[in-house]
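Spelled out, the chains give:
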Amino acid sequence: MPPLQRRLRSASLPGEVDLKTFGFGLEAFGLLVLRFPRAFTALLAVSLVACVASLPNLRFDGNILSVLETDGEAFQNYRRVQRDFRDFSRDLGIIVRADDLYTPEGIEKLRNLHLDLTLIDGVEGVFSLFSSSSIDPGSGAVIPAIPERIAPGTDVKSLIARAAKENMLVEQLARPDRNAALISIESPFSEAAGRPPDPAPVHALIEEIRELAPPGLQLDFVGYPLMRADAVEALISDQFLLTSVGIAMVFAIALITFRAVGPALICALPALTAIIWVLGGYGLSGTPINYLSTALPTIAMVIALVDTIMVYFSWLGYRQEGVANHDAIVSAILRAGPANSMNMVTTAISFASFALGGNAAMRQLAFLGSLAVVISFVVVLVVLTLALHFVGDRIRVEARKPFFAALGPMVARLSQTRTRGLTAASIVITLVFLPGHFLIGEQHLVTAQLPAASEAAKGERLASEIFGGVAPIYMILPVPKGHSWSDDGALTTLEKAENEFGHEIGDKRVFSLTQVRDAGLSGEKIADIFKDAPETLAGRFISEDRDEFLITGTVPYGMEPDAARAVAENAVSRLATQGIAGAKVTGYPILASTEIPKLVGSLRQSFVWAIVLGIAVIAAASRAPLVALATLLPNLVPLLFIETALWLAGEPMDVAHIIALTIAFGITVDNAIHFINLFLADVEAGMDDVAAMRSSLTEVTPALVAATLMFIGGSIGTLFSSMPSVFNLGFLIIIALATGLIANLTLLPALILTFRRLTPRGLRLA
Amino acid sequence: MMEVRDLTGSAGRIAAIAALTLGALTAHAPAQTDGAEFLSAYAGEWRGSGETRPDPRSEPTRVTCRVSAIFDENAGALRNKGRCGTTRGTRDLNGTLRLDGANLTGDFLGQAAASGLVNPRARIDQNMIVSEAEVPDGAKMVRVRTFLTHPEDGSFRVQSQYFDRDANQWIVAGELEFTRQ
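Residues numbered from 1 in each chain as written. Chains lettered and ligands numbered in written order. Predicted model: local features only at pLDDT ≥ 70, side-chain atom pairs only at ≥ 80, totals over all residues. Heavy atoms only, no water.

**Describing the overall build of chain A**
This is how it is decided: Numbering goes from the N terminus for both helices and strands, where a helix is a DSSP run of H or I of at least four residues and a strand is a run of E of at least two. Note on exposure labels: buried denotes an accessible area under 20% of the residue type's maximum, exposed denotes more than 50%, and partly exposed covers the range between, all computed with a 1.4 Å probe on protein chains only. Residues are treated as being in contact if the distance between any of their heavy atoms lies within 4.5 Å. Where accessible areas are quoted, they stem from the Shrake-Rupley method and a 1.4 Å probe; at the residue level, only the protein chains shown are allowed to cover. For the purpose of charge, His is not counted, nor are the chain termini; Lys and Arg are scored as positive and Asp and Glu as negative. Where a charge sits is defined by one atom per residue type, namely NZ (Lys), CZ (Arg), CG (Asp) or CD (Glu).
Along chain A, the regular secondary structure elements total 27 helices and eleven strands. For chain A, the spread of C-alpha atoms along the three principal axes comes to 105 × 50 × 45 Å. Classification of the 766 residues of chain A by burial places 61% in the buried group. Of the contacts formed within chain A by residues at least 6 apart in sequence, a portion of 81% connects residues at least 24 apart. As presented, chain A carries roughly 28300 Å² of accessible surface, and 61% of it is formed by carbon and sulfur atoms. Charge centroids of chain A, computed over 57 positive and 71 negative side chains, lie 12 Å from each other.

Here is the structure:
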C-alpha cells in the first residue's frame, strides 16, 4: 500500500490523528472557521467589500532614498541641507542637445529656451551658461560671461571654451564637444512645501517645457522630481502587472494541477483573497506602497496558493479514502495545517528580521512582510475551509496520479543509496560557495532602482556620460567664530574650504559665495543683496540663520563608495590641519558610501538571525534539534550559490538582493518543513529512519515540486517588472527556490540520516 | 556666478524699468469713459520679448514677459499678473491700475516692482501712456520715461528711455513688443 494511503488510513478521522504538533496548534483556527461557517462567511464578505472599496485609495511612494533614511550623521547632515539651506530635491535638470547647438543660431535657441523657462508658473529659478556674469571693476557694468549678442559667423565653441576657463558655471553647464548644455530649474515640486513630485504634475511640466522649446532642440530631463515620478508610475503599473500576471498564473497552475475547473477555482480563491486583503490593508490603513513592498501582495498570493494546494491535496486524499467531507476538512487541516503554520512562522521571522536593520523603511518592510505572510496563512484557513465546507461535497474526487509522482521514489532511492556522498557533497558545496558571502561587495545605486526604460534613468545616464554626473555633494562649513558671514575673514576661510573640496572632486565642479565675490561683489554688497533675495537663492550659499556656508559640487550618482568616503575624509582632515574645524560633507554619494555598507551589514546580520531563529523554531516545534540542524546546509547552499554567482558576475550586494535572499530563505525552508513534518510523523508512527525517509520522500516530493513550480509560476510576473529591484527580488527568489528544492530533496535527507546515524538513539529527542 | 547679483540687482532694476514701462501710473485720465476704454484694451493674455538694460552702464540684455490682464468694468480697474525674466533672474509681477474719477491710481505691476521709482507720473498722450519717474543709480537719480503704445492688431510696444546727463540726451534703455496670446 502506498505510504500516503497507509498513513491516511491510520489517521483518517479527527481524534485518531496522531501527527506531531508541528505548528504550535495555530491551524486550530481552521477548525474554528469550520465550526462557525456562516459567521466567518459574513466576516469574509465584509472584509472583501471593505478591501475592494479601499483599492482606489491606494497610495504609492516613489521615495527611492527611503532605505537610506537613518538616524546616522550622514543622513542628518543631508536633511540639514534641505532644511537649513534650500530644498535641492526640487531641482530638475534639462539636458539640451542639438547638432547646431554651438552655432550662432543654435546658441540663440538655447537662450530663448532659458528665457521661456523663466515664465513657467511655479519655476522659481533657471540657471544655464547664460546666468553667469561679472561686474566690471571700472565702470560697474554687468559683463555677461556669454555675450548678449553673438554675431553671425562667430566660432561659438571657441567662445564657450574661453568662457569656461574663467567661469565655473559655464564649465559645468556647457559641453561644446558633445553639442549639449544643461539647464537647471527650481521646480515647484517640494514635499516640504506640500507639493510632492507626483507623476501627473511632473510630466505636465515636462510636456510644457517640451512644447515651448524652439524646434531642433532635443530635451532630456534629469533629477529627483522625475526619479520619484517615474518610480511611482512604475509602482502603479507594476501592481497591475504583478496582480494580473499572478492571478492568471495561479489559475493556470491550479487548472493544470487538477485538470478540472472546480478544484482550480477553489484553490485560486484563497490566493486571490490574499491579494485583496493585502492591497486592501494598504488602502484602509493609508500605507503607501513603495519599491520594497510592491512585491508583497504577489508573495502573499503565492504563499497562499502553495499552502492551499497542500491542504487541498490532503483533503482530496481523505475524500478518496471515503472520508466524509466535514471530517476530511478537519483531518486535512490537522495534517497539512501544522506545516503551513510553521512555514508562516519561519517566513514571518525572515521578514521580521528586517526590523533589525535599524531604519524606518526596513522596519516597515518587516511589519508589512510579516503581516502579509500571516494574512496568507489565515486566508487559507478561512477561504479554503469555507469553500470546501460549502461545495466540497460536489467536487469529484476520483483518484488521479499526482503530477511528478514518479519523482518521489527516485529521490528516495537517491538519498538512501548515496547518503555519504550527498552528505560530503553538502559540506563541500557549502565550503566552495562560502567565500562568495565574504567577497561580495555592497552598493545601492539610486539609478539602479529606476525603471531602466524610464525617462529619469535615461536622463541620469546622459547626465553621467555628458556632464560627469549631477548628483549634488555638499560641504557645510560653520562661519568662523568672531566673524560675520560676509566679512573678508569669513570669506577667506570659505575660499580655503572650497579649494580643498575642489581639490578632491575637481576645481571646476564646486561653487560657493567666494565665486560671487570674485565676480566683482564685495561681501558687504552680497549681504545687502541677500536681504531682499528669495531664500531659495540665498540658500545656495548660506544657511537661513547665516551661521553656516554651503559649498556645492556635483559628482556622478554612481560614484564609488570608497572614493566618496575619501573625498569627505580628505577634505575635512586637510581643513582641520589648517585650523578650520567643523566642516561636514554630505550628499547622496556620501550617504550611499556610509549608510549602505551599514545597512547591508545589518541586513546580513538580520539574515543570520533569521536563519538561527528559523532553525531554533523548527527545533522547538519538532522537538528534533538534530533534524532541525540538518536543514541549515541545504537551505544555506542556494543563498551562498547566489552570492557567489553575483560576486563572479561583478554584481555588488544591493539592498534588494539581501532582502530577496532573506525572504528566499524563509520560503525555501518551507520545503524542509513539509518534509520534516512527514518524516517525523512516520518515525512517530514506528517506522525506522530509512523506511520513514523513503515513505516521506515518496509522498512529499511530488507536492514540493508542484508547489515550487507554482511559486515560481506565481512569481513570474516580477520578471516583467520595470523596477530593477522588483525584478532582482523575483529573479533571486525564483533561483533560490529552484536550487533550494533540489538541495532539500537531495542533501537534506542524506544529512538527516547521517546525523541520526552518528547520534546514539538515546540522545535523540525524536 | 552672478545670478545673485543679477536677480536682486539687475533684475530688480529691470523690473523697476519694466514697471515704469508698463505703466506704474498715477495719472490724469482724459475722461472716465475714455480712460476705461483705454485701459480695457490691455485686457487679455500678453507675451512680450525684447531687450532692456540692467542699468545705464550695462549692455541691454534679453527680457521676456507674460502678463495676464483683466479689466474689471465695475471697479474701473485693470488687474495684471505675470512675470518677467532674463537669463539672470525672474520677477513676479502683480498690479492694479484703477480709475478713480478722472485719475488713474495704483500701479500696473504692483508695489514690489515699482518700489524703485521715485515720483512716478504719467499722462495719456498721442494714444500712448507716457510715464516718467526717477530711479536711483548709485548716488545719482536718473530720469527715466516709458512709452506704452495702445494695443493695435493684437500687439503693443513698450520703449523705455533714460536721460544721459553727460550726453544730454535720452537713450533707449529697452524695448519690448507684446503680442496677444
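**Regarding the interface of chain A and chain B**
Stated formally: By buried area we mean how much accessible surface two parts lose on assembly, using a 1.4 Å probe and totalling the loss over both. Any carboxyl oxygen of Asp or Glu within 4 Å of a side-chain nitrogen of Lys or Arg constitutes a salt bridge here.
Taken together, the 40 residues of chain A in the interface contact 29 residues of chain B. Taking both sides of the interface into account, the surface hidden between chain A and chain B amounts to around 2900 Å²; carbon and sulfur atoms contribute 58%. Counting every contact that joins chain A to chain B gives five salt bridges. Every element with two or more residues in the side of chain A that touches chain B is listed here: helix H5 (104-117), strand E2 (126-127), strand E3 (133-135), strand E4 (142-144), helix H7 (168-173), helix H18 (513-518) and helix H19 (523-532) of chain A.

**Remarks on the sheet that holds strand E8 (residues 471-478) of chain A**
Residues and elements named next belong to chain A. The condition is simple: A pair of strands is treated as paired once DSSP finds two or more bridges between them. A fitted line through C-alpha atoms serves as each axis, taken over the contacting stretch for helices, and the angle formed by two N-to-C directions is quoted from 0 to 180°.
Spatial strand order, E9-E10-E8-E11: four strands in an open sheet with antiparallel pairing. Each having just a single partner strand, strand E9 (510-511) and strand E11 (584-587) make up the two edges of the open sheet. In this structure, E9 lies alongside strand E10 (residues 548-555), joined through two bridges in antiparallel fashion. Residue pairing for E10: Phe-511 is matched across the bridge by Thr-552. Along the sheet, helix H17 (residues 488-505) contacts E8, E9, E10 and E11; its crossing angle with E10, the most-contacted strand, is approximately 20°.

**Considerations on empty space enclosed by the protein**
A probe matching the size of a water molecule, rolled over the atoms, marks out where space remains unfilled. Residue and element names in this part refer to chain A. Put simply, the test is: Cavities and pockets were defined on a 1 Å grid built from protein atoms only: a cavity is a group of points that admits a 1.4 Å probe but offers it no way out, a pocket is an open group of points flanked by protein on both sides within 12 Å along at least five of seven lines, and a lining residue is one with an atom within 4 Å of any such point. Grid points are joined across faces, edges and corners, and a volume is the space filled by probe spheres set on the points. Gly falls in the polar group here, along with every residue not listed as nonpolar (Ala, Val, Leu, Ile, Met, Phe, Trp, Tyr, Cys, Pro) or charged (Asp, Glu, Lys, Arg).
Overall, the coordinates contain nine cavities of 30 Å³ or more when judged by the stated rule. What the second largest cavity holds in volume is close to 100 Å³. Around the second largest cavity, the lining residues are Ile-303, Val-306, Asp-307, Asn-343, Ile-667, Asp-670, Asn-671, His-674, Ala-707, Thr-708, Phe-711 and Leu-737. Only helix H11 (296-320), helix H25 (655-684) and helix H26 (689-715) provide two or more residues apiece to the lining of the second largest cavity. Among the elements that take part in the lining of the second largest cavity, H25 stands out by supplying four residues, more than any other. Looking at the lining of the second largest cavity residue by residue, the class counts come to six nonpolar, four polar and two charged.

**Overview of H26 of chain A**
Residue and element names in this part refer to chain A. The test is simple: A residue's bend is simply the angle between two axes: one fitted to the seven residues ending at it, one to the seven starting at it. Polar contact is defined as a pair of N or O atoms within 3.5 Å, subject to the rule that within protein one atom must be able to donate a hydrogen and the other to accept it, and that residues adjacent in sequence are counted only when both atoms are side-chain atoms.
Maximal helix bending in H26 amounts to about 35°, located at Val-700; proline Pro-702 follows within four positions. Most of H26 sits out of view: 22 of its 27 residues are buried. The opening residue of H26 is Asp-688, an N-cap whose side-chain oxygen sits 3.2 Å from the backbone nitrogen of Val-690.

**A short note on helix H22 (residues 588-622) of chain A**
All names here are of chain A. To keep it simple, the criterion reads: Each residue after the first adds 1.5 Å to the expected span of a helix.
The end-to-end C-alpha distance of H22, which contains 35 residues, comes to 48 Å, matching closely the 51 Å that a straight helix rising 1.5 Å per residue would cover. Of all the bends in H22, the greatest reaches close to 30° and is centred on Glu-595; the proline Pro-597 follows between one and four positions later. Of the residues trailing H22, Arg-623 is marked for its positive phi of about 55°.

**Focus: the state of the cysteines**
Residue and element names in this part refer to chain B. Using the following cut-off: Only a pair of cysteine sulfur atoms within 2.5 Å counts as a disulfide in this structure description.
Applying the stated criterion across every chain yields a total of one disulfide over all chains. Between the sulfur atoms of Cys-65 and its disulfide partner Cys-84 the distance amounts to 2.0 Å. When the S-S torsion is 110°, as for the bridge of Cys-65 with Cys-84, the disulfide is right-handed. Highlighted residues: Cys-65 in strand E3 (residues 61-72) and Cys-84 in strand E4 (residues 77-86), separated in sequence by 19 residues. Residues Cys-65 and Cys-84 agree in their burial class; the two are buried.

**Some remarks on the pattern of salt bridges**
This structure, assessed with the given rule, holds 32 salt bridges over all chains. Here Arg-228 of chain A ties to Asp-61 of chain A by a salt bridge, and the two come within 2.9 Å at their closest N and O atoms. Taken together, the residues Arg-228 of chain A in helix H9 (residues 224-258) and Asp-61 of chain A in the loop between helix H3 (37-54) and helix H4 (73-85) connect sequence positions 167 residues apart. In this pair, the class of Arg-228 of chain A matches that of Asp-61 of chain A, namely buried. Overlapping salt bridges bring together Glu-108, Arg-111 and Glu-148 of chain A together with Arg-62 and Arg-88 of chain B as one network.

**A few points about the confidence of the model for chain A**
In regions of low pLDDT, the predicted coordinates are not meant to be interpreted in detail. Residues and elements named next belong to chain A. Here is the rule: The predictor attaches a confidence to each residue, called pLDDT, with possible values from 0 through 100.
Of all residues in chain A, 94% attain a pLDDT of 70 or more, and the chain-wide mean is 85. Here helix H1 (residues 3-10) stands out as the least confident element of chain A, with mean pLDDT 40; H3 is the most confident, with 96. This stretch, residues 1-20, has a pLDDT under 50; its non-local contacts, to residues over four places away or in other chains, come to 41 contacts.

**Section: the side chain of Gln-161 of chain B**
Residues and elements named next belong to chain B. Mapped onto the elements, Gln-161 comes out in strand E10 (residues 155-164). You can call Gln-161 buried: its relative accessible area is 10%. Within the local environment of Gln-161, its side chain forms a polar contact with the side chain of Arg-145, the two groups lying 2.7 Å apart. Within polar-contact distance, the side chain of Gln-161 engages the side chain of Gln-159 at 2.8 Å. Leave out the neighbours within four places in its chain, and Gln-161 touches Arg-143, Val-144, Arg-145, Phe-147, Trp-170, Ile-171, Val-172 and Ala-173.

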